[in-house]
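# Survey of secondary and tertiary structure
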Amino acid sequence: GRIRGLLIEKRPPRVLVECHGVGYEIDAPMSTIWALPELNLEVVLHTHLVVREDAQNLYGFATLAERELFQSLLKVSGIGARMALAVLSGMQADEFVACV
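Residues numbered from 1 in each chain as written. Predicted model: local features only at pLDDT ≥ 70, side-chain atom pairs only at ≥ 80, totals over all residues. Heavy atoms only, no water.

### Some thoughts on the pattern of salt bridges
- Counted under the stated rule, the structure contains five salt bridges.
- A salt bridge links Arg-4 to Glu-42; the nearest nitrogen and oxygen atoms lie 3.8 Å apart. Taken together, the residues span a long stretch of sequence, with Arg-4 in strand S1 (residues 2-11) and Glu-42 in strand S4 (residues 42-51) at a distance of 38 residues.
- One salt bridge in this structure joins Arg-52 and Asp-54, with 3.0 Å as the shortest N-O distance.
- For Arg-52, a relative accessible area of 46% gives the class partly exposed.
- In this structure Asp-54 comes out as exposed when scored by relative accessible area, which is 61%.
- Through salt bridges with shared partners, a single network forms among Arg-14, Asp-27 and Arg-82. (Salt bridge = Lys/Arg side-chain N within 4 Å of Asp/Glu carboxyl O. Helix = DSSP H or I, 4+ residues; strand = E, 2+ residues; numbered from the N terminus. Buried < 20%, exposed > 50% of the residue type's maximum accessible area, 1.4 Å probe, protein only.)

Set out below in structure tokens:
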């Protein structure tokens, strides 16, 4: 559901968060990446884990609203995690809801 740790690296669309000595690679929309603090400062992200046969991907969001929208988008036929991140990168969650 969430992770708290030191922000070690930002390489959009991925960030690296160290939590208790383990570095987690987390994919995030640009809206979240822009909201992150400077490197080596504490960060809290709301997360969603996608487990597939060939990968386990962790996605992180600055707000619960972003995560909920991401989860809703995943339920739409034809929209995967990458497309959902692209939607969230293009506009804020509340803006997207207003458009729909």
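### Topic: the pairing of strand S5 (residues 56-61)
- Of all six residues making up S5, five are buried, and the element is well covered by its neighbours.
- Note that S4 and S5 share six bridges and pair antiparallel. Pairing of His-48 across the sheet is with Tyr-59, part of S5.
- Here S4 hands over to S5 after four residues, the two strands then running antiparallel side by side. (Pairing = 2+ DSSP bridges.)

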